[in-house]
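Here is what each chain is made of, one letter per residue.
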Amino acid sequence: LGQKCSHLHTLPLPHTSRHVSPIVSLEALEAAIARADAAGRLVAVKYYSPQCRSCLQIKPLYERAAEGAFGEQVDFYEVDSFCARVLCSLANMRLLPTVQVYGRGALLDARTVNNKVLYLEFEAALAKAVLSHCTFSVVGEAESDAAVAGAARPAASWPAIGGGSGAHRMAGRR
């Protein structure tokens, strides 16, 4: 991706986490949503510009979410606004960074996350979406030996929101 789009902007593309995959077309986005839907997962798509300071500040937060407990129930993607201009236009992106969340094939949430407080509000909304749209399996005592041996995945650990800074109380305010 970096080689294909390097001529479009002067700054190098920032390193992408192995837990966040790039999306460059509408077809790729639709395929990602379909795969997640079939697996009972959500999709988070961050639209960004590598020249945007807010985008660069939010990047490590988004990557930590993908690498943490959210990554067990959510597939994380990002769209470089320089490489995927058509997709950004179709998605009606006006402000960056913006994150969209899809579940069961439909857009559940879209919000601009250009500061840490707005990003924490996104994480709170994502946690609610995970609880209402994803399926969790819990291994009980009555489960078969195969399930106990590891065939069934235990319930995901719940993501911590706010890191004890009081930001979790701000997530519900508007």
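All values derive from a computational prediction rather than experimental measurement.

Criteria and cut-off values
Position numbers for residues count from 1 along each chain, tracking the sequence in the order it is written. Only residues with pLDDT of 70 or above have their local features reported here, since the model is predicted, and side-chain atom pairs are shown and tallied only from 80 upward, although totals for entire chains, interfaces and linings are computed over all residues. Side-chain calculation: all heavy atoms of the structure are included, whereas hydrogens and water are not. Every residue carries a pLDDT, the predictor's confidence in it, which falls somewhere between 0 and 100. Any two residues having at least one pair of non-hydrogen atoms within 4.5 Å are treated as being in contact. Strands are runs of DSSP state E lasting at least 2 residues, helices are runs of H or I lasting at least 4, and numbering of each runs from the N terminus. For every residue, the accessible area (1.4 Å probe, protein chains only) is compared with the maximum for its type, and the residue is labelled buried under 20%, exposed over 50%, or partly exposed between those bounds. What qualifies as a polar contact is a pair of N or O atoms within 3.5 Å, subject to a donor-acceptor requirement within protein and to the restriction that residues adjacent in sequence count only when both atoms come from side chains. Helix span, as expected, comes to 1.5 Å for every residue beyond the first. Each residue is assigned a bend, namely the angle between axes fitted to the seven residues that terminate at it and the seven residues that start at it. Pairs of strands are assigned from DSSP output, requiring at least two bridges between the strands. For a crossover, the right-handed case is the one in which the path from the first strand over the helix to the second runs clockwise, viewed with the strands pointing away from the viewer. What counts as a salt bridge is simple: a side-chain nitrogen of Lys or Arg found within 4 Å of a carboxyl oxygen of Asp or Glu. Whether two aromatic rings pair depends on their centres lying within 6.5 Å, for rings of Phe, Tyr and Trp, where Trp uses its six-membered ring; planes under 30 degrees apart make the pair stacked, over 60 edge-to-face, and the rest tilted.

### Notes on the confidence of the model for the protein chain
Atom-level detail of predicted coordinates should not be read off regions where pLDDT is low. Per-chain confidence: the protein chain averages 77 in pLDDT, with 68% of residues scoring 70 or above. Counted against residues more than four places away or in other chains, residues 6–13, with its pLDDT under 50, gives 14 contacts. Overall, residues 141–174 carries pLDDT values under 50, and its contacts beyond four positions in sequence, including any with other chains, amount to 41 contacts.

### Digging into the side chain of Thr 98
With respect to the secondary-structure elements, Thr 98 resides in strand β4 (residues 98–103). By relative accessible area, which is 8% here, Thr 98 ends up buried. Here the side chain of Thr 98 touches Leu 95 through a polar contact of 2.5 Å, landing on its backbone oxygen. Setting aside its immediate chain neighbours within four residues, Thr 98 contacts Val 45, Lys 46, Tyr 47, Met 93, Arg 111 and Thr 112.

### Digging into helix α3 (residues 53–67)
Its 15 residues place the ends of α3 22 Å apart at the C-alpha level, agreeing with the 21 Å of an ideal helix rising 1.5 Å per residue. The principal kink in α3, of about 35°, is found at Lys 59, preceding the proline Pro 60 by one to four residues. Of all the positions in α3, only Cys 55, Ile 58, Lys 59, Leu 61, Tyr 62, Glu 63, Ala 65 and Ala 66 are classed as buried. Close packing links the buried residues of α3 with β1 (20–22), β2 (42–48), β3 (74–80), β4 and α5 (116–133).

### As for the pairing of β2
Most of β2 is tucked away: seven of the seven residues are buried. Here β2 shows two buried faces, one formed by Leu 42, Ala 44, Lys 46 and Tyr 48 and the other by Val 43, Val 45 and Tyr 47. Note: β2 against β3, seven bridges, orientation parallel. Bridge pairing links Leu 42 to Val 74 in β3. Between the parallel pair β2 and β3, the chain is carried across by α3, and the sense of this crossover is right-handed. Where β2 lies against β4, five bridges are found, and the strand directions are antiparallel. Residue pairing in the sheet places Lys 46 in a bridge with Val 99 of β4.

### A closer look at the pattern of salt bridges
With the rule as written, the count across this model stands at five salt bridges. One salt bridge in this structure joins Asp 75 and Arg 41, with 2.7 Å as the shortest N-O distance. Within this pair, whereas Asp 75 is found in strand β3, its partner Arg 41 is found in the loop between α2 (26–39) and β2, the two being separated by 34 residues in sequence. Across this residue pair, the class does not change: Asp 75 and Arg 41 are buried. With a closest N to O distance of 3.9 Å, Glu 78 and Lys 59 form a salt bridge.

### Describing the packing of aromatic side chains
Between two aromatic rings, the relevant description is the distance of the centres plus the angle of the planes. This model, assessed by the stated rule, comprises two aromatic pairs. Ring geometry for Tyr 62 versus Phe 76: centroids 5.2 Å apart, planes at 80°, classification edge-to-face. Here Phe 76 lies in strand β3 and Tyr 62 lies in helix α3, a separation of 14 residues in the sequence. Relative accessible area serves as the criterion here: at 0%, Tyr 62 is assigned to the buried category. Given the relative accessible area of 3%, Phe 76 is considered buried. Centre to centre, the rings of Tyr 119 and Phe 122 are 5.4 Å apart; their planes meet at 55°, and the pair counts as tilted.

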